[in-house]
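# Residue-level structural notes
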Amino acid sequence: MATQLPTRTTNGNGQNSNDSQDGENSFAVKAGLARMLKGGVIMDVVNAEQARIAEEAGAVAVMALERVPADIRAQGGVARMSDPSMIKEIMEAVTIPVMAKARIGHFVECQILEALGVDYIDESEVLTPADATHHVSKSPFRCPFVCGCRNLGEALRRISEGAAMIRTKGEAGTGDVIEAVRHMRTVNSEIAKAKGMSEEELRVYAKEIGCDYGLLKETAGLGRLPVVNFAAGGVATPADAALMMQLGCDGVFVGSGIFKSGNPEKRARAIVQAVTHFRDPKVLMEISQGLGEAMVGINCGDMGEGERLAKRGW
Amino acid sequence: MSATGATVGVLALQGAFDEHLQLLHQAATALTERGVSNTKWIFIEVRTPEELAKCDALILPGGESTAISLVAARSGLLEPLRHFVKVLRKPTWGTCAGLILLAEAANRTKKDGQDLIGGLDVRVIRNHFGRQTESFQQSLPLSFLGSTPEKASGTPFPCVFIRAPVVESILPHKKGIQTEEASKEDMVVAPSKAPVDELAKEELKAQVEVLAKIASRGRGRDNFNNTVIPREEDIIAVKQGNVFGTSFHPELTEDPRIHVWWLTDVLKAVERRKRYKSC
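Residues numbered from 1 in each chain as written. Chains lettered and ligands numbered in written order. Predicted model: local features only at pLDDT ≥ 70, side-chain atom pairs only at ≥ 80, totals over all residues. Heavy atoms only, no water.

With an unreviewed UniProt entry as reference, chain B is termed glutaminase, source organism Delitschia confertaspora ATCC 74209. The heading Catalytic activity (unreviewed entry) in the UniProt record of chain B holds the text "L-glutamine + H2O = L-glutamate + NH4(+)". Quoted verbatim from the Sequence similarities (unreviewed entry) heading of the UniProt record, the comment on chain B is "Belongs to the glutaminase PdxT/SNO family." (UniProt positions renumbered as here; feature names shortened; annotations may be inferred.)

As annotated in an unreviewed UniProt entry, chain A carries the name pyridoxal 5'-phosphate synthase (glutamine hydrolyzing) and is attributed to Delitschia confertaspora ATCC 74209. Recorded in UniProt for chain A, the comment headed Pathway (unreviewed entry) runs: "Cofactor biosynthesis; pyridoxal 5'-phosphate biosynthesis." Quoted verbatim from the Catalytic activity (unreviewed entry) field of UniProt, the annotation for chain A is "aldehydo-D-ribose 5-phosphate + D-glyceraldehyde 3-phosphate + L-glutamine = pyridoxal 5'-phosphate + L-glutamate + phosphate + 3 H2O + H(+)".

## Re the overall build of chain A
Of regular secondary structure, chain A possesses 13 helices and 8 strands. Counting only C-alpha atoms, chain A reaches 55 × 45 × 40 Å along its principal axes. Counting across all 314 residues of chain A, residues that qualify as buried make up 63%. Pairs at least 24 residues apart make up 66% of the contacts formed inside chain A by residues separated by at least 6 positions. (Helix = DSSP H or I, 4+ residues; strand = E, 2+ residues; numbered from the N terminus. Buried < 20%, exposed > 50% of the residue type's maximum accessible area, 1.4 Å probe, protein only. Contact = heavy atoms within 4.5 Å.)

## Things to note about the interface of chain A and chain B
Taken together, the contact between chain A and chain B spans 51 residues of the former and 48 residues of the latter. Counting each side, the surface lost to burial between chain A and chain B is near 4000 Å², with a carbon and sulfur contribution of 46%. At the junction of chain A with chain B, the criterion picks out 6 salt bridges. Here R52 of chain A makes a salt bridge to D112 of chain B, at a shortest N to O gap of 3.4 Å. (Buried area = accessible area lost by both parts, 1.4 Å probe. Salt bridge = Lys/Arg side-chain N within 4 Å of Asp/Glu carboxyl O.)

## Topic: helix α7 (residues 178-195) of chain A
The end-to-end C-alpha distance of α7 of chain A, which contains 18 residues, comes to 26 Å, matching closely the 26 Å that a straight helix rising 1.5 Å per residue would cover. Buried within α7 of chain A are the following residues: E179, A180, V181, H183, M184, V187, E190, I191 and A194 of chain A. (Expected span 1.5 Å × (residues − 1).)

## Focus on the packing of helix α2 (residues 48-57) of chain A against helix α4 (residues 84-93) of chain A
Residue and element names in this part refer to chain A. Between α2 and α4, the shortest axis-to-axis distance is 9 Å and the interhelical angle comes to 35°. The way α2 lies across α4 gives a crossing that is right-handed. Counting all contacts with α2, which are made through A48, A51, R52 and E55, the residues of α4 involved are E89, I90 and A93. (Axes fitted to C-alpha atoms, helices over the stretch in contact; angles between N-to-C directions. Left-handed = near helix turned anticlockwise from the far one by under 90°.)

## Quick look at the UniProt feature "binding site: D-ribose 5-phosphate" (unreviewed entry) in chain A
Residues and elements named next belong to chain A. UniProt records the feature "binding site: D-ribose 5-phosphate" (unreviewed entry) at D44, G173, G234, G255 and S256, using the numbering of this structure. These annotated residues cover 213 residues of sequence, but their C-alpha atoms sit close together, with the largest distance between any two at 12.3 Å. If you trace the backbone, D44 turns up in strand β1 (residues 41-45). When residues no more than four places from it in sequence are discounted, the contact partners of D44 are Q50, M63, L65, V68, P69, V254, G255, S256 and F259. Inspection of the secondary structure puts G173 in the loop between β6 (165-168) and α7. Exposure remark for G173: the relative accessible area of 9% places this residue in the buried category. Ignoring anything within four residues of it in the chain, the contact list for G173 reads P69, A70, R73, S256, M295 and I298.

## Some remarks on the environment of D280 of chain A
All names here are of chain A. By secondary structure assignment, the location of D280 is in the loop between α12 (264-276) and α13 (281-287). Given a relative accessible area of 29%, D280 falls into the partly exposed group. With 148 residues separating them along the chain, D280 and A132 place their C-alpha atoms 44 Å apart.

## Some thoughts on the pattern of salt bridges
Two side chains of opposite charge can pair, provided their charged atoms sit close to one another. Under the defined criterion, the tally for this structure stands at 41 salt bridges over all chains. Two residues, D250 of chain A and R224 of chain A, come together in a salt bridge whose shortest N-O distance is 2.8 Å. Placement of the pair is D250 of chain A in the loop between α10 (238-246) and β8 (251-254) and R224 of chain A in the loop between α9 (213-222) and β7 (228-231), with a sequence separation of 26 residues. Each of the two residues, D250 of chain A as well as R224 of chain A, counts as buried. Residue E45 of chain B is joined to R47 of chain B by a salt bridge in which the shortest nitrogen-to-oxygen separation is 2.9 Å. E45 of chain B sits in the partly exposed class, given a relative accessible area of 27%. Under the relative-accessibility criterion, R47 of chain B is labelled buried at 14%.

## Some points on unusual backbone geometry
Residue and element names in this part refer to chain B. Of note in this structure, C96 is not a glycine but carries a positive phi near 55°. Position of C96 relative to the elements: it lies in the loop between β4 (92-95) and α5 (97-102). In this structure C96 comes out as buried when scored by relative accessible area, which is 6%. Phi at R108 is positive, roughly 60°, even though this residue is not glycine. Its place among the elements puts R108 in the loop between β5 (103-107) and β6 (120-125).

## Structural notes on the packing of aromatic side chains
Following the criterion strictly, the structure yields 13 aromatic pairs over all chains and no others. Ring centres of F230 of chain A and F253 of chain A lie 5.6 Å apart, and the angle between their planes is 65°; on these two criteria the pair is classed as edge-to-face. Here F253 of chain A lies in strand β8 and F230 of chain A lies in strand β7, a separation of 23 residues in the sequence. Here the two residues F230 of chain A and F253 of chain A agree in accessibility, since each one is buried. Note on F144 of chain B and F244 of chain B: the rings are 6.2 Å apart at their centroids and 70° apart in plane angle, and the pair reads as edge-to-face. Linking F144 of chain B in the loop between β7 (136-140) and β8 (157-161) with F244 of chain B in strand β13 (residues 243-246), this pair joins segments that are 100 residues apart in sequence. (Phe/Tyr/Trp six-rings, centres within 6.5 Å; stacked < 30°, edge-to-face > 60°.)

## Examining the pairing of strand β2 (residues 61-64) of chain A
Residues and elements named next belong to chain A. Residues of β2 alternate between two faces, with A61 and M63 on one and V62 and A64 on the opposite face, all of them buried. Sheet topology places β1 next to β2; 4 bridges connect them, and they run parallel. Looking at the pairing, M43 lines up with V62 of β2. When β2 meets strand β3 (residues 98-103), the two strands line up parallel, connected through 3 bridges. Considered in β3, the bridge of A64 is made with A100. (Pairing = 2+ DSSP bridges.)

## Some remarks on the sheet that holds β3 of chain A
All names here are of chain A. If you trace the 8 strands once around the closed barrel, you get β1-β2-β3-β4-β5-β6-β7-β8, paired in parallel fashion. The average angle at which neighbouring strand axes cross in this sheet is 30°, direction not considered. As paired strands, β3 and strand β4 (residues 120-124) are joined by 5 bridges and run parallel to one another. Residue pairing for β4: K101 is matched across the bridge by D122. Of the strands in this sheet, β5 (145-149) and β6 touch helix α6 (residues 152-161), which is tilted by about 160° from β5.

So this is what it looks like as structure tokens:
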């Protein structure tokens with residue numbers, strides 16, 4: 001049940017679409033790029049060669065990082081922003097947008113990524129958080145931000161801070177889609193709940209889930225998040241990607257799922273096709289054939305609470 | 001004008017196709033309210049050749065042009081799209097990524113090049129203004145819109161440029177492909193197609209009209225290591241016969257004026273086709 005994202009949407013700060021918003025830092029320009037990525041797949045890549053494979057497969061953007069989440073999990077230690085020279089190499093290798101991750105609350109990493117000229121910054125729970133209390137104030141940046149969420153309150157807090165795009169957190173590096181589904185369904189059901197509320201009830205609900213009342217009211221009116229919302233964290237197959245699309249996502253991030261699989265080129269192409277033709281089971285059946293081995297994966301149910309990345313951020 | 005029906009498709013492989021549908025509905029309402037036409041408009045998403053075959057006109061939305069062209073090829077849509085634009089010569093409008101796909105020549109494409117549909121005798125330069133941090137919005141008077149009941153002529157239009165291309169040069173019309181362009185390094189060109197009938201041939205005789213320009217902006221940095229030829233103005237909207245292209249995104253605004261203008265043009269084309277068939 002993908003719901004329409006009207007061209008007039010705001011981020012609750014009165015930073016509205018195009019009314020007299022000329023310039024570089026308008027919310028319409030930041031959220032606009034996310035709209036251009038809709039119906040597409042954004043792939044994690046660790047070098048220029050992988051970035052080229054992703055581009056040839058039809059990725060709409062790549063996420064440049066030193067280690068994919070599955071390796072961050074396996075190797076442990078502190079995960080930080082990638083070396084700018086490595087991100088630069090990827091930026092030079094492809095013509096599609098390049099995104100990069102900064103640690104939660106690490107606004108200097110964000111300043112560095114903006115100076116580097118990346119197209120989107122992901123303030124990401126996949127990296128080790130730098131601030132135990134605060135997320136980055138994202139509105140002053142010219143570079144747009146995407147942030148993860150597990151529920152409606154978290155999504156709206158990030159949008160209030162200036163995020164121009166949202167994704168589910170899911171559970172990165174597992175290849176298990178259950179958490180992404182849980183987060184998407186939670187956001188959907190909380191929006192449905194808000195939709196049926198009176199103004200008084202909405203004020204109480206905003207307090208309860210810890211978000212801005214105006215933004216909640218707008219969301220309830222729209223019946224969806226006021227920015228583009230992608231699925232992320234555990235997508236490993238074309239069927240997973242189409243599942244998330246049918247649940248109402250606007251597009252899909254695939255992290256470890258591609259380059260930790262047996263045949264990355266073929267799998268990447270299949271996931272791209274799946275996101276375009278997500279409602280066509282016949283196409284999905286055809287492209288799901290002979291993809292080789294999927295990433296091995298970790299069952300989220302067997303995971304200790306301390307190992308969960310989605311718990312980072314608030 | 002008599003009551004006619006027209007089906008307008010929006011290529012829905014990837015990108016901001018839904019936004020175009022929203023604006024098309026707004027534009028159709030505006031046309032009806034103005035009493036300009038009582039056309040019965042049908043707006044559809046196009047993902048298959050069967051859906052394309054239903055269309056009298058088509059919009060190629062903003063998105064990632066490389067992704068759209070790859071997915072189109074793998075979905076068996078690339079040749080039907082070329083047939084639609086260049087053989088049938090039906091009205092087609094491309095915004096941003098769509099403009100790139102409709103150009104006969106494009107540079108700064110990905111390393112292995114990319115497939116173009118073609119239709120406009122222009123060379124497009126991708127990501128002209130730079131990366132996302134150089135994206136911007138600028139309100140510009142678009143004189144081709146003329147005056148409308150809602151807005152006077154010259155009322156600025158909020159033009160949103162996102163990693164936008166511009167038309168770098170107008171090419172002379174060639175029988176066959178743009179051979180001179182094809183010989184240039186890092187340049188891709190579209191394949192040539194013959195128009196289906198006399199009416200389609202008429203469309204092909206049309207010259208490229210430059211509809212809008214923007215004062216050139218100094219680029220903050222050059223992330224693509226390409227040399228930039230300094231110019232005073234950059235071309236951001238062109239029309240040639242049945243094909244229209246804008247480097248900015250009218251679908252990201254709430255101003256339906258360009259959609260209204262284009263639908264009026266579509267209507268004329270549909271009428272022409274109808275008259276041609278009946279005689």
